[in-house]
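What the coordinates show
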Amino acid sequence: MAGFLLRRGLFAIGVLVLISIITYGIFFWLSPDPAVTICGKACTPETIATIRHELGLDQPFWLQYVQFVVHFFAGTEYGTGPTATPCTFPCLGFSFQTHQAVWSMISSRLAVSATVAIGAAVLWLLAGIVGGVIGGIKQGTWWDRAGLTVALGSISLPNYFVALILQYLLVVQLRWLPFPSAVKFSDSPTQWFANYLMPWIVLAFGYAAMYLRLVRASVIETLSENFLRTARAKGLPSSLVIRRHALRPALTPVVTMFGMDFAALLGGAVIVETVFGLNGVGKLTSDSITKNDQPVIMGVTLLVAFFVVVANLVVDILYTVLDPRVRIPR
Amino acid sequence: MINFYQLIYRTLTTFSSKKGEGSKVVPDLATDMGQSNADATVWTFHLKKNIYFSTGAPITSKDVKFGVERAFDPKLAVGAPYARLYLDAPKDYEGPYKSGDLSSIETPDDSTIVFHLNQSVPEFASALTEPVFTPFPDDPDTVTETSVDQKPVSSGPYEVKSYTQGSSIALVRNPYWKASTDSVRKAYPDKIDFTFGVDAATVDQRLISDQGKDVDTISGNSVLPSSLAKLQTPQLKSRVVEGESGCTTYLVMNTTKPGLNNVKVRQAISYAINKQQVVDAAGGNQLATITNTMLPSNTPGYQSFDLYPSKDSKGDPAKAKELLKAAGVSNLSLILDTRETDTMISQSEAIQQALAKVGITVKINQIDAASFYQTIGTTSEQHDMTVTGWCPDWASGSTFLPPLFQGSQIFSQGNSNVAQLNDPAVNAQIEKIEKMTDLTEANKAWSALDKQINELAPTVPLYYAKAVSLVGSNVGGAYSDPQRAGGVNFATVGLLDPSK
Amino acid sequence: MTVPNAEASFGLTEVEAGPAASTPGRGRVVRALLAKPQVVAAAGFLVLLVLLAVLAPVLTAIEGSGPNAFHSGAVDSDLGGMPIGAFGGVSGAHWFGVEPQTGRDIFARIVYGAQVSLTISLATTAVTTVVGVVLGTVAGYFGGVVDTVISRLMDILMAFPALIFMIAILSALPDGNRTLLLICVLSVFGWPYIARVIRGQTMSLRQREFVEAARVSGARLRHQLFAEVLPNLRGTIIVLATMAAPGYIGTEAALSFLGVGVVPPTPSWGQMIAASVNWFTVDPTYFLIPGAFLFLTVMSFIVIGDHAQKVLDGREA
């Protein structure tokens, strides 16, 4: 087990290092010169050269990358004197636009993204697992068909389109929900809840459909396996067989998928946050893209990659614990 | 910007906040509009009494001088560079932190300040409204190179209580500000909270709904075109504040590019553009008014003209084709630099369509919103054409035509003469008008120059942007002001019922 | 399952890497599929869509408006450019109404947008399928170091936050040929999802007697791969490709929605929906029409893919 963990852990770290190099490389070679962006109006070639030097942009790629990694762990400072802004671990550099530390910009928005992700996850897990298990057990019934049809529809709907339809119906036509406006939970819990309800539903919509299909297929497959047939043949009641023996193996694939999906969402639901004007990491990403704020885009990319890689690792470990059929590979 | 700065900063002179006179320059920290020598190269101002910073220290002439000196520091340059442009400073002067004292500003006593200029500037009192002339306490230890961004020392009725970049600013009263010394600011509210980064559609919808705290809210931006259709009820109409922004949006052609270096081609393009379609793309008649002049209509001495007329301003393709034929140009293909926003892309598409009708192919080159102005201001990076706007720093041809059309103002970077027009007659006329000490005559001459330039067609004036803003139902004293980009004047707005 | 709402994982997860079923005859599959009314409807819609895209110049000529022509008369300039008339200005001259502000014809933009959508998604499907099948079979068949290298590459690519990364790359790259760029970027992140399944199936095929026999009898490598392995993967490949296409349509639309897709004035469904966001309260037709086309296209692909998979698995022959 220890060897397995070590190997997976090393691989995860390797992936992260590689992703950071590729990400850094893309911004290094493809993006427009950040010095020109910072320099702003009334800019001379000399000023640009000064800025490039100050930011270390005149150094070769590998040196810059190594410096980035060193700063990430050891921290650095932006500006000089008593007003310099410190950047401590995990230091992802400074935004070209707001001159704030990238990590503080991201971390201050993580709560919103997490709220979006958690609420949506609860909804889609509920709908997906319940629908999938019922569909799998009662395969071919009216329930199953209805579930599959709804899933097919919602899997085909792009979430920004669902967002518009929902807003049009619930806010404009039926007036069941107030127009979204940014409020703190402490100011108005009802408005706060109403604000998040639509993003939750919209996000959960597509995922629930995927999970329903996945769980359903998995349940059907598990039910056809030998050990369950044996259990049933031994005379155990059907409901007991399902609860005790079928569900756990049937739900293990869900764990894999959920780990990855949820991790990616923690790094911001770009489209949903943009459409609903929620000030999360996803909105930060799309705003930074329009402003060409490369350090922020890079920071978010690395953060999401980190989440996904860690989730992968956790899932791998959980898998060995959850599914009796999985043996640790040597 | 000036609208916000007026809340926390005072300058020697500033813009009036009387309704309908928002573009007029009036004394603020100074007792009057200043005295100059005969050729307007030396200007003397006296400070009012009982004027204080938010630190409690009195504002002296030395503080004004220090503020101006700071503006010479290349790192701190904010806004229009009038201090560097007009003051008689050594070429290598880089502000008080690096270069120390600037001898061309004299402070014979604490309430008198004398500016020595490098040229005659009859409108110098107007230039003093600019943010670069904001006073800061003359103490390089407390007011450092970066401290103003972190903790500004205020001279106006409010001071910054808290500031989160890109998100919010909270203003509270500056206890040392005395209403008796200030004829411009009413400063009714006790505190003002600014929230940034709220989605425009959300802002509109919240103001339309007018619920809870939103009754005390005004918006810093004009409503979206899509919201105009919702503002048709009498209740909503009564809360609408609308007016000119004092800015002109125009198509500018790079006169150094092949094809566009031919005046006939530029005139053909002037005829071809369907301005009504551009206006529709910009949000329709409520948000834009067609213009045929570069100067805004609130400019003193303004005269209207239309050198390239067409029915309903929808363009005259026949005339345009004629001119292109006369120029011997065919199969012209141009690149239109476009700021990557929905409305600017639509406007570029309107121009693309209009020019397609006369056989000119236009390729839209999208530039992200943040680097657009740098790109078009860099002569090596700009392409053939672009749609951009200009708001004069104060209502006068002198802050409009020279930066856009004077040959000596073509810079390889940070260039505002995007057309790269370098016409000897225009250059000579600009220099001549700038020396006129009779402002009425000068204003007339600027408008005549506007026409003279338009004959060369370096730009196609498209429209004056207008602002339509909505205010909460508990907001009083809100009116639109062209010097504040058509938005609600912050300095005079208040709550009808503060207890609400 | 491919997911058009690009927020979710990008690529296939549902097509199982189980033992490859021997592919039934082509005629029987098509017949079995065409017996399903849903499949017929879905295929019918896709055929119609392809016709719309191909005949776009003809159809718009009949209707009378090109995709980029402005129509000032069709919008009310005093109301911010609201389309004149019910349902977003639907009329004989503008079958699906007009865009607010510009008055451009929505029908024309839909059919020209279909060209963009289909070109990008089908080309990406072709590229990812070819690359995925080649690398998947190679990895699965040869195993060892080759397999390790390819598998690790797939792992890394799948660990990438694909959507954010695509946005970042596309926004950093100069305009150039956007369609080609989109195809490339989508392909880079798309192929591992196909290769992974193919690799699994090849590995299991390799153990089968007939492949084993070919290998032992010293058949040429090319023969082993092309005569023995690939034909048995045909069914899986078809299903994978059908399931991948809607994902690319959805992702392309999402990228255009976020403003990093094709360049204006080229019409795109995603970009049309993005433009309609501010107008949905006063002009719902504007978002409903492109949204409906996107929805139906994606759903049609999924219906066909679903049923093809069932038929090929022999579950519902």
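A few words on the overall build of chain B. Each helix and strand counted, chain B has 17 helices and 17 strands in total. In chain B, buried positions account for 57% of the 500 residues. Accessible surface, chain B as shown: approximately 20100 Å² in total, 51% of it carbon and sulfur. Averaging the positions of the 44 positive and the 54 negative side-chain charges in chain B gives two centres separated by 6 Å.

Counting residues in each nonpolar core, the largest one holds 178 residues, and the members touching the most others are Trp124(A) and Tyr160(A). Element by element, the count of residues in this core is highest for helix α8 (residues 189–223) of chain A, at 18 residues. Residues Trp43(B), Tyr86(B), Val143(B) and Phe194(B) belong to the second largest nonpolar core, which totals 55 residues.

Here we take up the interface of chain C and chain A. Chain C puts 51 residues into the contact, and the matching count from chain A is 51 residues. When the two sides are added together, the surface that chain C and chain A hide from each other amounts to roughly 4300 Å², 77% of it contributed by carbon and sulfur. Counting the contacts that link chain C with chain A gives one salt bridge. With a closest N to O distance of 2.6 Å, Arg213(A) and Asp306(C) form a salt bridge.

This paragraph deals with the state of the cysteines. Residue and element names in this part refer to chain B. Evaluation of the coordinates by the stated rule reveals one disulfide over all chains. Disulfide pairing is shown between Cys 247 and Cys 391; the S-S distance is 2.0 Å. Around the S-S axis, the bridge from Cys 247 to Cys 391 shows a dihedral of about 105° and counts as right-handed. With Cys 247 in strand β10 (residues 240–253) and Cys 391 in the loop between β14 (385–390) and α15 (401–405), the pair connects residues that are 144 residues apart, well separated along the chain. Exposure remark for Cys 247: the relative accessible area of 10% places this residue in the buried category. Residue classification places Cys 391 among the partly exposed residues on the basis of a relative accessible area of 41%.

Right, let's get into the domain arrangement of chain A. All names here are of chain A. We note that the domain assignment places domain 1 (2–102) and domain 2 (109–322) within chain A. With 22 residues of domain 1 at the contact, the number on the domain 2 side is 18 residues. Taken together, the connections running from domain 1 to domain 2 amount to zero residue pairs in polar contact (both at pLDDT 80 or more). Ranked by residue count, the leading element in the side of domain 1 that touches domain 2 is helix α1 (residues 2–30), at twelve residues. In the side of domain 1 that touches domain 2, the residues fall into 15 nonpolar, six polar and one charged.

Attention now goes to the domain arrangement of chain B. Residues and elements named next belong to chain B. The domain architecture assigned to chain B consists of domain 1 (2–191), domain 2 (198–239 + 471–495) and domain 3 (244–465). A separation of 31 Å is found between the C-alpha centroids of domain 2 and domain 3. Between domain 2 and domain 3, the contact holds eleven residues from the first and eleven residues from the second. Contact between domain 2 and domain 3 buries roughly 680 Å² in total, counting both sides, with carbon and sulfur atoms accounting for 53%. By the criterion of area lost to domain 3, the three top residues of domain 2 are Leu 228, Pro 482 and Gln 483, representing 59% of everything that side buries. Our count for the contact surface shared by domain 2 and domain 3 stands at zero salt bridges. Put simply, domain 2 and domain 3 have zero residue pairs in polar contact (both at pLDDT 80 or more) between them.

Attention now goes to the packing of helix α5 (residues 106–142) of chain C against helix α8 (residues 178–207) of chain C. Residue and element names in this part refer to chain C. Axis separation between α5 and α8 bottoms out at 5 Å; the angle between their running directions is 35°. Crossing hand, α5 versus α8: right-handed. Across the contact of α5 with α8, the residue classes tally to 16 nonpolar, eleven polar and two charged.

Now for the environment of Ala146(A). Residues and elements named next belong to chain A. Among the structural elements, Ala 146 can be located in helix α6 (residues 142–156). Taking the relative accessible area as the measure of exposure, Ala 146 reaches 27% and is therefore partly exposed. Taking C-alpha positions, Ala 146 is 22 Å from Ala 120, a pair spaced 26 residues apart along the chain.

Residues and elements named next belong to chain C. Taken N-terminus to C-terminus, the directions of helix α11 (residues 269–276) and helix α12 (residues 285–312) make an angle of 145°; their axes are 9 Å apart at the nearest point. Judged by the twist between their axes, the crossing of α11 over α12 is left-handed. Within the contact between the two elements, α11 uses Trp 269, Met 272, Ile 273, Ala 275 and Ser 276 and α12 uses Tyr 286, Phe 287, Pro 290, Gly 291, Phe 293, Leu 294 and Thr 297. Counted by class, the contact of α11 with α12 contains nine nonpolar, three polar and no charged residues.

Structurally, the α-helix is built with 3.6 residues per turn, so residues lying three or four positions apart point the same way. Residues and elements named next belong to chain A. Here helix α4 (residues 61–74) spans 20 Å end to end across 14 residues, near enough to the 20 Å set by a 1.5 Å rise per residue. Along α4, the residues that are buried comprise Phe 61, Gln 64, Tyr 65 and Phe 68. One side of α4 carries all its buried residues, which in axial view fall inside an arc of 100°. Across from the buried face of α4, at angles greater than 90 degrees, the exposed residues are Trp 62, Phe 73 and Ala 74. The positive-phi residue at the C-terminal boundary of α4 is Gly 75, with phi of around 85°.

Attention now moves to the packing of aromatic side chains. Centre distance and the angle of the planes are the two values used to describe a pair of aromatic rings. Residues and elements named next belong to chain B. Under the defined criterion, the tally for this structure stands at 44 aromatic pairs over all chains. Arranged with centres 5.1 Å apart and planes meeting at 85°, the rings of Phe 4 and Phe 194 form a pair that is edge-to-face. Here Phe 4 is found in helix α1 (residues 2–8), whereas its partner Phe 194 is found in strand β9 (residues 191–195), with 190 residues between them in sequence. Residue Phe 4 shares its accessibility class with Phe 194, and that shared class is buried. Measuring from ring centre to ring centre gives 5.7 Å for Phe 194 and Phe 490, while their planes differ by 65°; the resulting arrangement is edge-to-face. Taken together, the positions of Phe 194 in strand β9 and Phe 490 in the loop between β16 (475–476) and β17 (494–495) put the pair 296 residues apart, joining distant regions of the chain. Each member of the pair, Phe 194 as well as Phe 490, is classed as buried.

Calculation notes
- Residues numbered from 1 in each chain as written.
- Chains lettered and ligands numbered in written order.
- Predicted model: local features only at pLDDT ≥ 70, side-chain atom pairs only at ≥ 80, totals over all residues.
- Heavy atoms only, no water.
- Helix = DSSP H or I, 4+ residues; strand = E, 2+ residues; numbered from the N terminus.
- Buried < 20%, exposed > 50% of the residue type's maximum accessible area, 1.4 Å probe, protein only.
- Areas by Shrake-Rupley, 256 points an atom, 1.4 Å probe, with all protein chains shown as cover.
- Lys, Arg positive; Asp, Glu negative; His and termini not counted.
- Charge placed at Lys NZ, Arg CZ, Asp CG, Glu CD.
- Core = buried A, V, L, I, M, F, W, Y, C linked by side-chain atoms within 4.5 Å.
- Contact = heavy atoms within 4.5 Å.
- Buried area = accessible area lost by both parts, 1.4 Å probe.
- Salt bridge = Lys/Arg side-chain N within 4 Å of Asp/Glu carboxyl O.
- Disulfide = S-S within 2.5 Å.
- Domains from an automatic or database assignment.
- Polar contact = N/O pair within 3.5 Å; in protein donor to acceptor, adjacent residues only side chain to side chain.
- Nonpolar A, V, L, I, M, F, W, Y, C, P; charged D, E, K, R; others polar.
- Axes fitted to C-alpha atoms, helices over the stretch in contact; angles between N-to-C directions.
- Left-handed = near helix turned anticlockwise from the far one by under 90°.
- Expected span 1.5 Å × (residues − 1).
- Arc of directions from axis to C-beta.
- Phe/Tyr/Trp six-rings, centres within 6.5 Å; stacked < 30°, edge-to-face > 60°.

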